[in-house]
Amino acid sequence: MEPWYKVATPRAEVREGRSFNPDEFAIALEQVVAGTAPLDYRDAEKFFNRTYFTRALREHAGMVLRRLSGKTENTASVLTLVTQFGGGKTHTLTALYHLVKNSKAALRNEGVANLLLAENLAAIPQAKIAVFVGNAWDPKPGRDTPWMDIAFQLAGAQGVEALGKKAMTSPPGTDSLGELFKLAGGKVLILFDEVLNFMNRHRDLAESFHSFIQNLTVAMTGTTSCATVISLPRSQVEMTPADMEWQERITKVVRRVAKDLIANDETEISEVVRRRLFEDLGKESVRRSASKEYADWCFERRAQLPPEWTSVDSAATETKAKEFLRKRFEACYPFHPATLSVFQRKWQALPQYQQTRGTLAMLAQWVSWVFRQHFQGARNEPLITLGSAPLDIPDFQAVVIGQLGESRLVPAIEADIAGHLSHANALDGDAKRALKEIHRRVGTAIFFESSGGMKDKVAHLPELRFALGEPSIDTTSIDNAAFALESRAFFLHRSGTEGFKFGYKPTLKKVVSDRRASLDEDDVKKVLREMVRKEFERGATVPLVPYPSEAIDIQDSPRLTFIIVDPEAGWIDQTEEKQTGDSKDLRARIADWCKNRGASPRLYPASLIWCVRKGGRALREKVEQYLAWKNVKGDIDSGALTGEIEQAERQQVAANIKEAEEAVRDEIWAGYQFVFLLDNSSKDGIRVIPLGAGHASAGETLTGRVIAALRTETLLNESVGSGYIERNWPPALKESGAWPLAGLRQSFLDGSLTRLIDSDKVLRSKIPEFIQRGDFGLASGIEKDGSYTKVWYKEFISPDDITFEKNVFLLLKSKAESRISAPSASAAPTEVKLEEAVSPAVVSSVDNTQSPIEAASARLEITGGLPFEIWNRFGSKILPKIKSAEDFSIGISITLSGSAKDLSRLNQEISQALADLGLSEQVKITSFKE
């Protein structure tokens, strides 16, 4: 479809961008009479060429012309025009003036000819005409009162004389007025405009003028070819209390026909506007084609659109129904029907709204700006829709605000719809082609359809779909845009399930935004860390180390450990070579902390799994939103916001807090999508595994998600088989066939072998199985001749007896079979001594198995040496028995010898183990140099 601006041509003053205000569309009747009005108003032919005879105008003009022709049926001698301010009263009076005063020029207009034909009149009746405009009238010599002025207009000086000598001070009676009408030829039309303004300015004449109107009304009823038309405003906004009093008094006097001058349908409105704003509507074929496409689109979606626009006679065929719709669109071209009718449907009840001149002023600016913007690359619309209104233009915005009468709407419009930083503009950042500026257009349509919030009007989704829909746009896109804008907007309120209302009162979201802006930085950081930590702890099956500040904060443990990197530190997923700034520093720090714990190298660097968040502020922003909602709830609970927030919104606060909290959880899952871990094959020793965005409702835990990813990448196993160990037996230990269990365990968490979640637990359960099955042997206590103190092979051994020491070895099957028959060294005897702490009599009673010790106390000391292989069994079998004594104490005395390097490493390992057991203060380690 062709864009409208390439088809229709606005009038020159519209194209040139003249500054339009409502007064420029207001006719000054006194200037028309004086011949000083603009040519379009003072020239009858030009005036009627720009005038469309609406039903109301035809009725009023027809009644007057019939009355002047002597036809009294269905007419009245006095008519009152009571309409909205700016509703077309003066235009109607001007039309009557030109019809009677300039009948020859008027007859050249097709609309006037049709009017006469409809009223069954052969010609425009000849009559004398008088005009009184209250806001322009002032006394003049010989025309010192309104009635003298009217008499002069009707019959000159003789007419004034006919009123009598007292006309200077008193209004004429009915007889004098009757004589005046005869002098004027018996056919008289008197037009009154702005009478309340006169009575307000000339209070000394107000009572007399009221009496004059009363007498004039009576005099008119005695005629058959005279008429008086009086215009009175309906709007109380433009009235003082005195005006309202006089309006009521005059209305009681004239009590005649009073009809609104409101155009009834979009066709009439369109004709009025098009004649005033456009000089050419373009080719009929183009208009028909565009109208047909819109009509077909509406017909196919009639169930989703307002029934008042798309309902057709159920008996009509589909072709006739579409034709009916086409004619409605064509009658309004280049406007969309909703663009014109919205002022009648939603605005006419506004007290400040000027029905005709206000609409024309807005649409003139509207067409002018949109016409020029289209040529500068704006969206090409086939019709002028509500969404195209240039609310971002200050001049146009001022005209609209003036009609609404609420200046507080300006910041609301700027914030949500038309400002450079508005929410609609932000949402439209990625919209293209047919959806270009869709959120701004939807917001603008809501603004007009809800009367700017100045009346209880609501923009419903069916209305928005009809106002903005076109063949290239589906209704779903309009719905989505409306809900998206409402979710962000500060002044756009929801009304029911599918209604929206724009106004100057802020929504609760605006209050939340203000609270968010005032959040304390430390509070945000604290809550951010706490919420991340809790989400990782939820169902965690591995140890967690949240936010370490130094490498020493992370234990060197033989168990898989997850490190939660501070959410303030983000990672940009790029190749190592492209990493810069914070991401590069983060990777380097992780690489260093994986391998070193302060100044000491780690024994289990592969046990550390780093959970890193992607870069960006998304998580922080959601935490801020959550805190802001909580603060708002606190304000509401304390009563600080009770008067500002609607009850319905207050009831939603708890739900909004929960929703914001869920949004934080979702973002934690979506954000922590990178796993860093040791990889000796990479350049810097670090491998990054992208997890992709997760979701909090996925039915798993964060740690479980990471573990699952490691398993998928074959970087983690639940258990290990004997074949795997044998295949990965260190070449250096092939000859001896003995692998120290300490080294075996370390291999699973230093990057040599696959990772195990808990290597101690796995190996303690699997090694006894291997031994009993004969896959491997187990040996402990190496002697000087290379033999072992004890060897286990194809026999049961308790998992408790598995210790990860240097002198405990896993033996290859061949080595175990060759050594199983060798004698094992005897362990040092264990001595149990009863110290003589009591008298010989008591000791003898202890030896007497028939007499227990009852009266005296004793002490047992257990001393001796323990072989490695029974340490765990000693703990499980002996220590529980010791606990049955009334009091006991256990100490240790261990002396280790070896190279300084080995002992330094052992010192570190034992110190960490003691710390894990909470024994750092009770057990001390002393190092000696030999």
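Bear in mind that the values here come from a model prediction, so they are computed numbers and not experimental data.

**Q** Break down the overall build of the protein for me, citing the residues and quoting the values.
**A** Within the protein, the secondary structure is distributed over 40 helices and 26 strands. The proportion of buried residues among the 930 residues of the protein is 47%. Counted over contacts in the protein with a minimum sequence separation of 6, partners at least 24 positions apart contribute 72%.

**Q** Residues and numbers for a nonpolar patch on the surface, please.
**A** A cluster of nonpolar side chains, contributed by I892, I894, L896, I910 and I925, occupies part of the molecular surface with about 470 Å² of accessible area. With respect to the helices and strands, I910 occurs in helix α40 (residues 900-917).

**Q** Please give an account of the environment of M148 that cites residues and values.
**A** Within the secondary structure, M148 sits in helix α9 (residues 146-162). The spacing of M148 and L163 is 15 residues in sequence and 7.5 Å in space, taken between C-alpha atoms. Here M148 is in contact with G142, R143, V160, L163, A167 and M168, once residues within four sequence places are set aside.

**Q** Please give an account of the pattern of salt bridges that cites residues and values.
**A** Evaluated as defined, the whole model comprises 53 salt bridges. The salt bridge partner of E537 is R533, with a shortest N-O separation of 2.6 Å. With E537 and R533 both in helix α27 (residues 521-537) and four residues apart, the pair spans about one turn of that helix. On the basis of relative accessibility, which here comes to 40%, the residue E537 falls in the partly exposed class. A salt bridge links R587 to D684; the nearest nitrogen and oxygen atoms lie 2.6 Å apart. Linking R587 in helix α28 (residues 581-595) with D684 in the loop between β17 (674-678) and β18 (686-690), this pair joins segments that are 97 residues apart in sequence. Accessibility classification places R587 together with D684 in one group, the buried group. Here the salt bridges do not stand alone but share partners, grouping R516, E521, E568, R617, R620, E621 and E624 into one network.

**Q** Summarise the sheet that holds strand β23 (residues 788-792); cite the residues concerned and give the values.
**A** Reading across from one edge, β20-β24-β22-β23 is the order of the four strands in this open sheet, with antiparallel pairing throughout. Strands with a single pairing partner mark the edges of an open sheet, and in this sheet they are β20 (738-740) and β23. Between one strand axis and the next, the sheet turns by 30° as a mean value, whatever way the strands run. Relative to strand β24 (residues 808-812), β20 runs antiparallel, the two being bridged by three bridges. Paired with A738 across the two strands is L811, which belongs to β24. Strand contacts of helix α35 (residues 759-773): β22 (776-782), β23 and β24, with the helix running at about 105° to β22, the strand carrying the most contacts.

**Q** Describe the side chain of K346, and please don't skip the residues or the numbers.
**A** Considering the arrangement of structural elements, one finds K346 in helix α18 (residues 337-347). Within polar-contact distance, the side chain of K346 engages the backbone oxygen of E449 at 2.8 Å. Here the side chain of K346 touches E463 through a polar contact of 3.2 Å, side chain to side chain. Not counting residues up to four positions away in its chain, the partners in contact with K346 are F448, E449, S451, K457, V458 and E463.

**Q** Tell me about the packing of aromatic side chains, and name the residues and values.
**A** A full pass over the atoms with the stated rule returns 33 aromatic pairs. Consider the rings of W137 and F198, whose centres lie 5.7 Å apart with planes at 80°: the pair is edge-to-face. Pair noted here: W137 is in the loop between β3 (128-133) and α9 and F198 is in helix α11 (residues 195-201), with a separation of 61 residues, a long-range link. Among the aromatic residues, those joined into a cluster by ring pairs are F132, W137, W147, F192, F198, F209 and F212. The ring of Y504 has R408 sitting right over it, with the charged end atom 4.0 Å from the ring centre. Lying across the ring of W593, R589 places its NZ or CZ 5.9 Å from the centre.

**Q** Residue-level account of α35, with values.
**A** In this model α35 runs 20 Å from its N-terminal to its C-terminal C-alpha over 15 residues, within 8% of the 21 Å that 1.5 Å per residue would give. Here the buried face of α35 lies against α33 (722-727), α34 (741-747), β21 (755-756), β22, β23 and β24. G774 occupies a position one or two residues after α35 and carries a positive phi of about 85°.

**Q** Pulling in residues and values, what's your account of the pairing of β17?
**A** Among the five residues of β17, five are classified as buried, and the element is accordingly described as predominantly covered. Bridging between strand β16 (residues 608-614) and β17 involves three bridges; their strand directions are antiparallel. Paired with W610 across the strands is F676, a residue of β17. The sheet contact formed by β17 and β18 spans five bridges and is antiparallel. Looking at the pairing, F674 lines up with P690 of β18.

**Q** How would you explain the side chain of R620 if you had to name every residue and give the values?
**A** Of note, R620 is situated in helix α29 (residues 618-638). A polar contact is formed between the side chain of R620 and the side chain of E568, at a distance of 3.1 Å. Not counting chain neighbours up to four residues away, the residues in contact with R620 comprise E521, V524 and E568.

Procedures and definitions
- Residues numbered from 1 in each chain as written.
- Predicted model: local features only at pLDDT ≥ 70, side-chain atom pairs only at ≥ 80, totals over all residues.
- Heavy atoms only, no water.
- Helix = DSSP H or I, 4+ residues; strand = E, 2+ residues; numbered from the N terminus.
- Buried < 20%, exposed > 50% of the residue type's maximum accessible area, 1.4 Å probe, protein only.
- Contact = heavy atoms within 4.5 Å.
- Patch = residues over 30% accessible without salt bridge, like charges linked within 9 Å, V, L, I, M, F, W, Y side chains within 5 Å.
- Areas by Shrake-Rupley, 256 points an atom, 1.4 Å probe, with all protein chains shown as cover.
- Salt bridge = Lys/Arg side-chain N within 4 Å of Asp/Glu carboxyl O.
- Pairing = 2+ DSSP bridges.
- Axes fitted to C-alpha atoms, helices over the stretch in contact; angles between N-to-C directions.
- Polar contact = N/O pair within 3.5 Å; in protein donor to acceptor, adjacent residues only side chain to side chain.
- Phe/Tyr/Trp six-rings, centres within 6.5 Å; stacked < 30°, edge-to-face > 60°.
- Lys NZ or Arg CZ within 6 Å of the ring centre and 35° of its normal.
- Expected span 1.5 Å × (residues − 1).

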